[in-house]
Amino acid sequence: MYAFGATAALLLSFVIVGVFATVPVRSLSPGDRAAVARAATAQAQVGWGLRIGRVLSVFLLALCIVTGLAGVQNPFANFSMTFFWIVFVLGVAYTVALIGDFYAPLNPWKALVEWCERIPGLRFAGREPYPEALGYYPALALYMIFILIELFARLLPSGLAIVLVVYTLLNLLGAWIYGKQAWFRYGEFFAVFMRLMGRMSPWARPWDPDERAAAPVRRWRIPFIGLLSEPAEHLSLVLFILFMLSSTAFDGLHSTLPWVNVFWKGIYPVIAPLFTPAPGQQFALSTDLYYFWQWCSLLVSPFVYLAVFIVFIWAMKTITRSALSVRVLVLRFAMALVPIAFVYHVTHYYTLLLAQIGQMVRLASDPFGNGWNLLGTATVRIDPLLVDVGVIWHTQVALILIGHIASVYLAHVEALRVFVRPRLAAASQIPMLVLMMIFTTFGLWILSLPLAAGG
């Protein structure tokens, strides 16, 4: 019934958008143009607030590493686990979606690179030109490794600290080889992720001084419309967006009873006879095969989504008889999927944020878990904010529906830009509407599945 209701709402929103939507246009006044020209020629100055923010971000990164290595290994008593997984991965991402990409100027790894440049003779201008064909594949690969670690590594604080050290060294090496501008645009996956999140924000002015100099003077815009400021420039960015979507769907699916039964009742009986484990190793082998199947499923998921997306884009091209290639249309309409990826992320993880964020008050005073009380808050107990299951479910349904309606709107606006004629643009969006309905139903179905034992 929820699937029927959600798809009906999508259908209604499609009709409303088709009738009333226009391409947002804002012409600059002569005064605005003069202000933009002055800003473009002025050298961006890093203010004290930004400098303090960079120092704080690097300090927090270092604190996560030090507390992870030297603190207690209880994940709930160590600062690094709650701060990184809850405050940074969830809290910062959601805040960026609301107020814009403030992570770009505060990126701790970029700040480290710029500080290293103060060493005489050390420059991160790039030893090699960044290969155009490489695109966003480094960020995609690192994003995939990150999700594998999140879902399957079961890290203790020391393991997280080692991962952060390795990731820091990778960023320094990537910036040294390809230059900091190229690497932090294409290689540092948190930067790519936050940049996509920030383009949904109604706050239009960039936070990064390097970008603000040439930015329009306006401060506000229609929510989500910033995603259409420029299309995806490379197929690897499309895969990155689709992995944002597929990895969250996989996280919700991989511990459910139907998904587990697919392997143990459908796949394992077929492949088990192909292996002859040593005596006593049958359980270990079957476990390894199960996790290998899970890992492969996650890594293949964005390519499966891409294949589905291409099919519907091909249907769009067929209906409109467009002269544009399927590849060009994929790049033009990929950004319309970001709101769906975002609401999937929120629906799956916002309860974790509500339940754990209050623990930072206590952990700030005792980051190592050694019984300290630096700020006088170590004994403060903030109960997790537990939400009724019915409220959670209805909130998840509402978020998924809002995200899909936003995607319907963005796709229609982009269609008006690509196909110009309103009727042709509306016809082109019928395949996209069907795709949104499928995504909506699939997302609600995942949220309703029973968990397997231990899931």
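The model shown is predicted, which means the values in this text are computed figures rather than measured ones.

**Re the overall build of the protein**
Check the secondary structure of the protein and you find 19 helices and 0 strands. Over its C-alpha atoms the protein spans a radius of gyration of 24 Å, differing by no more than 12% from the 23 Å that the globule rule assigns to 455 residues. Oriented by its inertia axes, the alpha-carbon framework of the protein measures out at about 65 × 60 × 45 Å. Residue burial in the protein is summarised as follows: out of 455 residues, 50% are buried.

**A few points about the nonpolar core**
Nonpolar side chains in soluble globular proteins tend to end up buried together. Judged by nonpolar contacts, the single largest core of 132 residues is most densely connected at Phe240 and Phe333. Sequence-distant contacts of Phe333, defined by excluding residues within four places in its chain, comprise Phe309, Ile313, Met316, Ala411, Glu414, Ala415, Val418, Phe419 and Gln429.

**Overview of the packing of helix H12 (residues 235-253) against helix H14 (residues 282-320)**
Interaxial distance between H12 and H14 falls to 8 Å at its minimum, and their mutual angle equals 125 degrees. One element, H12, and the other, H14, form an angle in the oblique class. Between H12 and H14 lies a crossing of right-handed hand. Of H14, the residues touching H12 (which contributes Leu235, Val238, Leu239, Leu242, Phe243, Leu245, Ser246, Ser247, Ala249 and Phe250) are Gln294, Ser297, Leu298, Ser301, Pro302, Phe303, Tyr305 and Leu306. Residue composition of the contact of H12 with H14, grouped by class: 13 nonpolar, 5 polar and no charged.

**Describing the side chain of Thr256**
Its place among the elements puts Thr256 in the loop between H12 and helix H13 (257-271). A polar contact of 2.6 Å, which involves the side chain of Thr256, links it to the backbone oxygen of Leu253. For Thr256, the contacting residues outside a window of four places in its chain are Leu449, Pro450, Leu451 and Ala452.

**Examining the packing of aromatic side chains**
Here a ring pair, both rings aromatic, is described through the centre-centre distance and the interplanar angle of the planes. What the rule picks out here adds up to 43 aromatic pairs. Residues Tyr290 and Tyr291 carry aromatic rings whose centres are separated by 5.5 Å and whose planes lie at 70 degrees to one another, so their mutual orientation is edge-to-face. Of the residues examined, Tyr290 reaches a relative accessible area of 12% and is grouped as buried.

**Here we look at the layout of surface pockets**
Quantified by volume, the largest pocket comes out at close to 1500 Å³. Around the largest pocket, the lining comprises 49 residues; the ones closest to its centre are Glu150, Leu151, Asp251, His254 and Tyr349. Each residue belonging to the lining of the largest pocket can be placed in one class, and the counts come to 32 nonpolar, 14 polar and 3 charged.

**Structural notes on the packing of helix H3 (residues 48-70) against helix H4 (residues 79-99)**
The description of two helices packed together rests on the angle between their axes and the distance between the axes. It is at 8 Å that the axes of H3 and H4 come closest, and there the two elements cross at 135 degrees. With respect to H4, the axis of H3 lies oblique. Of the two elements, H3 crosses H4, and the hand of that crossing is left-handed. Residue-level inspection shows Leu60, Leu63, Cys64, Thr67 and Gly68 of H3 in contact with H4, the latter providing Phe79, Ser80 and Phe83.

**Things to note about helix H15 (residues 326-333)**
Along H15, the residues classified as buried are Leu329, Val330, Leu331 and Phe333. Looking at the buried side of H15, the elements it contacts are H12, H14, helix H18 (389-419) and helix H19 (422-448).

**Re unusual backbone geometry**
Despite not being glycine, Phe224 has its phi angle at roughly 80 degrees, a positive value. Summarising the element assignment, Phe224 is placed in the loop between helix H11 (209-212) and H12. A positive phi is found at Arg321, a non-glycine position, where the angle reads about 55 degrees. The topology assignment puts Arg321 in the loop between H14 and H15.

**Some thoughts on empty space enclosed by the protein**
Tallying each qualifying case throughout the model produces 1 cavity of 30 Å³ or more. Reported here for the largest cavity is a volume of approximately 80 Å³. In this structure, the largest cavity is lined by Tyr136, Arg185, Val192, Arg195, Leu196, Arg199, Glu230, Pro231, Glu233, Leu237 and Met335. Sort the elements by how many residues they give to the lining of the largest cavity and helix H10 (residues 189-198) lands first, with 3 residues. Residue classes in the lining of the largest cavity are distributed as 6 nonpolar, no polar and 5 charged.

**As for the environment of Trp220**
Checked against the element boundaries, Trp220 lands in the loop between H11 and H12. Between the alpha carbons of Trp220 and Asn373 there is a distance of 42 Å; along the sequence they are 153 residues apart. Not counting the four nearest positions on each side in its chain, Trp220 is found in contact with Pro202, Trp203 and Ala204.

**Details of the pattern of salt bridges**
In this structure the tally under the stated criterion is 7 salt bridges. A salt bridge links Glu117 to Lys180, with the shortest nitrogen-to-oxygen separation between them at 3.0 Å. Of the two residues, Glu117 sits in the loop between helix H6 (108-116) and helix H7 (137-153) while Lys180 sits in helix H9 (residues 180-186), which places them 63 residues apart along the sequence. Here Glu117 and Lys180 have matching classes, each one buried.

Definitions and limits used
- Residues numbered from 1 in each chain as written.
- Predicted model: local features only at pLDDT ≥ 70, side-chain atom pairs only at ≥ 80, totals over all residues.
- Heavy atoms only, no water.
- Helix = DSSP H or I, 4+ residues; strand = E, 2+ residues; numbered from the N terminus.
- Rg over C-alpha atoms; globule rule 2.2 N^0.38 Å.
- Buried < 20%, exposed > 50% of the residue type's maximum accessible area, 1.4 Å probe, protein only.
- Core = buried A, V, L, I, M, F, W, Y, C linked by side-chain atoms within 4.5 Å.
- Contact = heavy atoms within 4.5 Å.
- Axes fitted to C-alpha atoms, helices over the stretch in contact; angles between N-to-C directions.
- Parallel < 35°, antiparallel > 145°, perpendicular 65-115°, else oblique.
- Left-handed = near helix turned anticlockwise from the far one by under 90°.
- Nonpolar A, V, L, I, M, F, W, Y, C, P; charged D, E, K, R; others polar.
- Polar contact = N/O pair within 3.5 Å; in protein donor to acceptor, adjacent residues only side chain to side chain.
- Phe/Tyr/Trp six-rings, centres within 6.5 Å; stacked < 30°, edge-to-face > 60°.
- 1 Å grid on protein atoms, 1.4 Å probe; cavity = no way out; pocket = protein on both sides within 12 Å on 5 of 7 lines; lining within 4 Å.
- Points joined across faces, edges and corners; volume = space filled by probe spheres on them.
- Salt bridge = Lys/Arg side-chain N within 4 Å of Asp/Glu carboxyl O.

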